[in-house]
Amino acid sequence: MRQMDRYPFIFAIVLFLLAWMLGLPVRAQSAPLNDIHCTLIQDAQSGATLYQDGVCDQRVSPASTFKVPLALIGYDAGILSDQHTPSWDYKPEFKAAKRDQKSVDPTIWERDSIVWYSREITRRLGAEKFAGYVSKFGYGNKDVSGDAGKDNGLTQSWINSSLEISPVEQTAFLRQLLAGKVPVSAKAHEMTRAILPTFAAGDWTVQGKTGSTRLGEDGKRSLGWFVGWAEKDGRRVVFARLVIDAKRTDKPKGLATRAAFLKDLPQLVK
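Keep in mind it's a predicted model, so treat the numbers as computed, not measured.

> Talk me through the side chain of Arg241; I want residue IDs and the actual numbers.
You can see Arg241 is positioned in strand E6 (residues 235–245). In this structure the side chain of Arg241 is engaged in a polar contact, spanning 2.9 Å, whose partner is the side chain of Thr39. Within polar-contact distance, the side chain of Arg241 engages the side chain of Asp264 at 3.0 Å. Excluding anything up to four places from it in sequence, Arg241 contacts Cys38, Thr39, Gly224, Trp225, Phe226, Thr257, Ala260, Phe261, Asp264 and Leu268.

> Tell me about the sheet that holds strand E3 (residues 198–201), residues and numbers included.
On the basis of which strands lie adjacent, the open sheet formed by six strands has the order E2-E1-E6-E5-E4-E3 and antiparallel pairing. Edge positions in the sheet fall to strand E2 (49–54) and E3, since each has one partner strand and no second. With direction set aside, neighbouring strand axes in the sheet form an average angle of 20°. In terms of strand pairing, strand E4 (residues 204–215) meets strand E5 (residues 221–232) through eleven bridges, oriented antiparallel.

> So what about the layout of surface pockets? Which residues, and what values?
Taken as a whole, the largest pocket holds about 520 Å³ of empty space. As for the largest pocket, its lining consists of 27 residues, and the residues nearest its centre are Ser64, Arg99, Asp112, Ser113 and Val115. For the lining of the largest pocket, the elements supplying multiple residues, two or more each, are helix H3 (106–112), helix H4 (115–125), E4 and helix H9 (253–268). At six residues, E4 tops the list of elements feeding residues into the lining of the largest pocket. Taken together, the residues that form the lining of the largest pocket break down as eleven nonpolar, seven polar and nine charged.

> Any chance you could break down the pairing of E4 for me, citing the residues and the numbers?
Counting buried positions along E4 yields nine of twelve residues, so the element is predominantly enclosed. Pairing of E3 with E4 involves four bridges; the strand directions are antiparallel. Along E4, the bridge assignment pairs Thr198 with Gln207. The antiparallel hairpin formed by E3 and E4 contains two residues in its connecting segment, where Gly202 sits at a positive phi of about 65°. The hairpin formed by E4 and E5 contains five residues between the paired strands, and Gly216 there has a positive phi angle of roughly 75°.

> Can you explain the nonpolar core? Please cite residues and give values.
By size, the foremost hydrophobic cluster in this structure holds 56 residues, and its most contacted members are Trp109, Tyr117 and Phe137. At six residues, helix H2 (residues 67–76) tops the list of elements feeding residues into this core. With residues up to four places along the chain from it excluded, the contact list for Trp109 reads Lys67, Leu70, Ala71, Leu80, Val104, Ile114, Tyr117, Ser118, Ile121 and Ile195. In this structure, Ile41, Val206, Phe226 and Val269 belong to the second largest nonpolar core, which totals 13 residues.

> Outline the packing of aromatic side chains, supporting the account with residue identities and numerical values.
Here the distance between the centres and the angle between the planes together describe a pair of aromatic rings. Applying the stated criterion across every chain yields a total of 17 aromatic pairs. When the ring of Phe66 is compared with that of Tyr139, the centres are 5.5 Å apart and the planes differ by 65°; the resulting orientation is edge-to-face. Of this pair, Phe66 sits in the loop between E2 and H2 while Tyr139 sits in the loop between helix H5 (127–137) and helix H6 (153–156), and the two are 73 residues apart along the sequence. Overall, Tyr139 belongs to the buried group, its relative accessible area being 1%. Plain terms: the ring middles of Phe130 and Trp158 are 6.2 Å apart, the flat faces sit at 75° to each other, and that makes the pair edge-to-face. In this pair, Phe130 is assigned in helix H5 and Trp158 in the loop between H6 and helix H7 (167–178), connecting sequence segments 28 residues apart. On the basis of relative accessible area, Phe130 is assigned to the buried category, the value being 1%. Accessibility expressed as a relative area gives 2% for Trp158, which makes it buried. The aromatic ring of Trp88 is capped on one face by Arg124, whose charged end is 4.1 Å from the ring centroid.

> Explain the pattern of salt bridges residue by residue, including any values.
The final tally for this structure, using the stated rule, is ten salt bridges. Note that Glu120 is salt-bridged to Arg123, the shortest N-O span being 2.7 Å. Taken together, the residues span about one helical turn, with Glu120 and Arg123 both in helix H4 at a distance of three residues. Accessibility expressed as a relative area gives 10% for Glu120, which makes it buried. The residue Lys253 makes a salt bridge to Asp245 at a minimum N-O spacing of 2.4 Å. Asp245 shares its class with Lys253; the two are buried. Members of the salt-bridge network, linked through shared partners, are Lys102, Arg111 and Asp112.

How each quantity is defined
Residues numbered from 1 in each chain as written. Predicted model: local features only at pLDDT ≥ 70, side-chain atom pairs only at ≥ 80, totals over all residues. Heavy atoms only, no water. Helix = DSSP H or I, 4+ residues; strand = E, 2+ residues; numbered from the N terminus. Polar contact = N/O pair within 3.5 Å; in protein donor to acceptor, adjacent residues only side chain to side chain. Contact = heavy atoms within 4.5 Å. Pairing = 2+ DSSP bridges. Axes fitted to C-alpha atoms, helices over the stretch in contact; angles between N-to-C directions. 1 Å grid on protein atoms, 1.4 Å probe; cavity = no way out; pocket = protein on both sides within 12 Å on 5 of 7 lines; lining within 4 Å. Points joined across faces, edges and corners; volume = space filled by probe spheres on them. Nonpolar A, V, L, I, M, F, W, Y, C, P; charged D, E, K, R; others polar. Buried < 20%, exposed > 50% of the residue type's maximum accessible area, 1.4 Å probe, protein only. Core = buried A, V, L, I, M, F, W, Y, C linked by side-chain atoms within 4.5 Å. Phe/Tyr/Trp six-rings, centres within 6.5 Å; stacked < 30°, edge-to-face > 60°. Lys NZ or Arg CZ within 6 Å of the ring centre and 35° of its normal. Salt bridge = Lys/Arg side-chain N within 4 Å of Asp/Glu carboxyl O.

What follows is the structure, given as structure tokens:
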């Protein structure tokens, strides 16, 4: 009986070794994800690193920081028009949290991080154009296929799914945005910069986007992003802060990450 019990275990090992030898993909999220902490600050023009701490080259889900490239896409494709157009009404089929059950325009979308508005943009865009933009941007691993076997890449790929990006890649993308060099229209650059929320950090004026999600199938680890740029006395920097751990917070991890970064920034870059 004991020998029979070993068979499923042995069979699983054989399957894994076959997949490894044949070069079949094994999703990274199937393995436990360690804690990650990164703070990266670079000069916006030269790209020179002004401050770096932690692991900044590991790719993870962008979560709602993806609203930055998605705004560029939306404006370039003509789905979004200006800071307040279009304004779309909430529909019950969106199945959103109560706080998101309201009319939303591009500024509110970025400020309140409304997922259903993002999904309406991608649905109007279509899978082929969506994948084309992400590939053209060179955004992270460029994988918008979504969860395996679920055909949900158009609405889910950037939230604990197939699309992943590192803090180093986030700041590189932001530098391209500020320089007007992302392959979209000048209007798309201008409007995206205009709708990102603004904050104060000492003498710095900060614009940026948070991201929050739970990672892996068990959801035991939570992710918090805050990415963007900051200006003071004619000087401009780009930044990415990423926190992944199992600590519970009384608010989404992205909001806690943003609050901590805004507090730290004046001491990190003089």
